[in-house]
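# A look at the structure
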Amino acid sequence: MIVKEGKAEIRVDEGVFYNPEMEFCRDFSSLALGAVCQKGLVVLDGMCASGIRGVRYALENEKIGEVTFVDLDSKACKNASYNAKKNNLGSYKVENTEITRFLWENPFDFLEIDPFGTPVPYLVPAIRSAAMQGGGILSATATDVAVLCGAHYKACLKNYQSRPVDNECCHENGTRILIGKVARTASEYNLGVHPIASLSRQHFIKTFIKFERGAEKAVSSIKKLGFISYCPKCLWRGTSSLVVKEKCECGGQLQHAGPLWLGELHEKKELESMKKENEKREYASMAAMHSLLEKMSGEIGMPAGYFDLHKVSEVLKVSAEKVDCVLESLSKKGFAAIRTHFRENSIKTNAGITEVKEAFLNSSRKR
Ligand SMILES: C[S@@+](CC[C@H](N)C(=O)[O-])C[C@H]1O[C@@H](n2cnc3c(N)ncnc32)[C@H](O)[C@@H]1O
Ligand SMILES: [Zn+2]
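On a plain count of helices and strands, the protein comes out with 14 helices and 15 strands. Here the protein has a C-alpha radius of gyration of 21 Å; the compact-globule value for 367 residues is 21 Å, and the two agree. Counting only contacts in the protein whose residues sit at least 6 apart along the sequence, the fraction spanning at least 24 positions is 66%.

What follows is the structure, given as structure tokens:
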């Protein structure tokens, strides 16, 4: 099968994994790499399959020094070699080996870890490889979204040592659980973490994390771990470094997700470069990407979590309100309020649940 994606045209051989639904993720990833790209960047396409990511990264980002393609499957490696050659990649290597073993002795500046399911088994060697370079960037994909979102509670405890909560904020919580796990692992290698861009979409979560060397950087990242508490009865939520209360003021039983990352999910400068780069590239996803990046920019500086307006209407026992009306009502009261990329019909705001309910009721009175 011949596939065209971004600047690449590749062949996908029989039995080699290729998921066309991940094209958007690859567009996003190539933009994120472009935003952090410095001349001579040494890039790993860690679980390359057809090599589509590595090929696109090299074609779409001029400053890349070398790409190394790794896959356990020899068919995938042959396929990636063919695609790299066919697309005239300058400097590249293909290694038919097991990624954790390979990473043990090979440092990289940018590590793409795109496994089936959880990236957890690959974090130690990937972070160690970045540490050998004195920092670096991890691009990790998790497709065990049901685990991170709380549908498989015990698997989340076992793999991420974190408690998920299966509620309307589970995609953001899941993203924060994944980053939290990366932060804890990086800390063991004296690295602090800075998430550059974090995306939750369909059946995957993707995060780009920049590492900074230094014990103090590691400590300050660990201090950003904590819990998100949530009351299913009144929809109150709050964050804390330790869980201190079990009951909400309304009498409801609080649910606690964590430990998870409570810091920022994205960095402004990198999102701005991604937006600029998106205008130049002719991706089919350009308009959707622009809208996504705009929403992500709005998420910077906002508290963790969001309010799903269907949930608010359920709790208030009134009919649903339009997102724009509630946003307008909140901003008239002086609150910051935006849509979130994590969920349709949901808003992030620095207002509390009482003010959100008031804004909701004000909007419905005006109708
Ligand atoms: C989800 S696919 C990668 C998809 C690819 N990155 C893309 O965007 O199309 C996962 C790949 O990892 C390979 N793989 C699985 N376990 C591995 C391991 N321990 N070491 C190296 N490769 C592995 C599989 O053979 C498969 O090709
Ligand atoms: Zn409550």
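Turning next to the domain arrangement of the protein. According to the domain assignment, the protein contains domain 1 (2–299) and domain 2 (308–366). Once you take the C-alpha centre of each, domain 1 and domain 2 turn out to be 30 Å apart. Every contact between the two is made by 12 residues of domain 1 and, on the other side, 12 residues of domain 2. The set of elements that each furnish at least two residues to the side of domain 1 that touches domain 2 consists of helix H8 (170–188) and helix H11 (286–299). Examining the composition of the side of domain 1 that touches domain 2, we find that five residues originate from one element, H11, more than from any other.

Our next topic: the environment of serine 241. You can see serine 241 is positioned in the loop between strand S11 (237–240) and strand S12 (255–261). For the pair serine 241 and cysteine 77, spaced 164 residues apart in sequence, the C-alpha to C-alpha distance is 45 Å.

This part is about the site of ligand 1. Near ligand 1 there are 20 residues, and of these Met47, Ala49, Leu72, Ile99 and Asp114 occur at the shortest range. Here the shell around ligand 1 is composed, by residue class, of 13 nonpolar, one polar and six charged.

Now for the sheet that holds strand S9 (residues 204–213). Overall, mixed pairing links the seven strands, which are arranged S5-S4-S3-S6-S7-S9-S8 in an open sheet. Each end of this open sheet is capped by a strand with a single partner; those strands are strand S5 (92–96) and strand S8 (191–201). In this sheet, adjacent strand axes meet at a mean angle of 15° when their direction is disregarded. Relative to S9, S8 runs antiparallel, the two being bridged by 10 bridges. If you follow alanine 197 over to S9, its bridge partner there is phenylalanine 208. The strands touched by helix H1 (residues 23–36) are strand S6 (110–113), strand S7 (137–142), S8 and S9; relative to S9, the strand with the most contacts, the crossing angle is about 15°.

Checked against the element boundaries, serine 240 lands in strand S11. For the pair formed by serine 240 and lysine 224, sequence separation is 16 residues and the distance between their alpha carbons is 9.8 Å. When neighbours within four sequence positions are excluded, serine 240 is seen to be in contact with Gly226, Phe227 and Ser229.

A few words on the packing of H1 against helix H2 (residues 52–60). Two numbers describe how H1 lies on H2: the axes approach to 10 Å, and their chain directions differ by 45°. The angle between the axes of H1 and H2 places the two elements in the oblique class. Crossing hand, H1 versus H2: right-handed. Touching Arg26, Ser29, Ser30, Leu33 and Gly34 of H1 are Ile52, Arg53, Arg56, Tyr57 and Glu60, all from H2. Among the residues forming the contact of H1 with H2, the class breakdown is three nonpolar, three polar and four charged.

Turning to the nonpolar core, a few remarks are in order. If you look at the biggest cluster of nonpolar residues, it comprises 107 residues, and the most contacted ones within it are Ala32, Ala126, Leu138, Leu148, Val182 and Ile209. In this structure, alanine 126 is in contact with Leu103, Leu111, Ile113 and Leu138, ignoring residues within four places of it in sequence.

Attention now goes to the sheet that holds strand S10 (residues 225–230). If you trace the three strands from one edge of the open sheet to the other, you get S11-S10-S12, paired in antiparallel fashion. The open sheet has two edge strands with one neighbour each: S11 and S12. Averaged over all neighbouring strand pairs, the angle between strand axes comes to 20°, with direction disregarded. Sheet topology note: the S10/S12 ladder contains five bridges and is antiparallel. In the sheet register, tyrosine 230 faces S12, and the bridge partner there is glutamine 255. Across the sheet, H8 lies against S10 and S12, angled at about 45° from S12, the strand it touches most.

In this structure, strand S1 (residues 2–5) lies alongside strand S2 (residues 8–11), joined through four bridges in antiparallel fashion. Along S2, the bridge assignment pairs lysine 4 with glutamate 9. In sequence, S1 turns back onto S2 through a hairpin of two residues, with glycine 6 there showing a positive phi of about 50°.

Our focus in this paragraph is helix H13 (residues 323–332). Along an α-helix, residues three or four positions apart point the same way, because every turn accommodates 3.6 residues. Taken together, the buried positions of H13 are Val326, Leu327, Ser329 and Leu330. Summarising the axial view, the buried residues of H13 lie within an arc of 165°, below the 170-degree limit, and thus occupy one face. Of the exposed residues in H13, those oriented more than 90 degrees away from the buried face are Asp324 and Lys332. Immediately beyond the C-terminal end of H13, within one or two residues, lies glycine 334, with a positive phi of roughly 95°.

Criteria and thresholds
- Residues numbered from 1 in each chain as written.
- Chains lettered and ligands numbered in written order.
- Predicted model: local features only at pLDDT ≥ 70, side-chain atom pairs only at ≥ 80, totals over all residues.
- Helix = DSSP H or I, 4+ residues; strand = E, 2+ residues; numbered from the N terminus.
- Rg over C-alpha atoms; globule rule 2.2 N^0.38 Å.
- Contact = placed C-beta atoms within 7 Å.
- Domains from an automatic or database assignment.
- Near = placed C-beta within 6 Å.
- Nonpolar A, V, L, I, M, F, W, Y, C, P; charged D, E, K, R; others polar.
- Pairing = 2+ DSSP bridges.
- Axes fitted to C-alpha atoms, helices over the stretch in contact; angles between N-to-C directions.
- Parallel < 35°, antiparallel > 145°, perpendicular 65-115°, else oblique.
- Left-handed = near helix turned anticlockwise from the far one by under 90°.
- Core = buried A, V, L, I, M, F, W, Y, C linked by C-beta atoms within 7 Å.
- Buried ≥ 20, exposed ≤ 12 C-beta atoms within 10 Å, placed from the backbone.
- Arc of directions from axis to C-beta.

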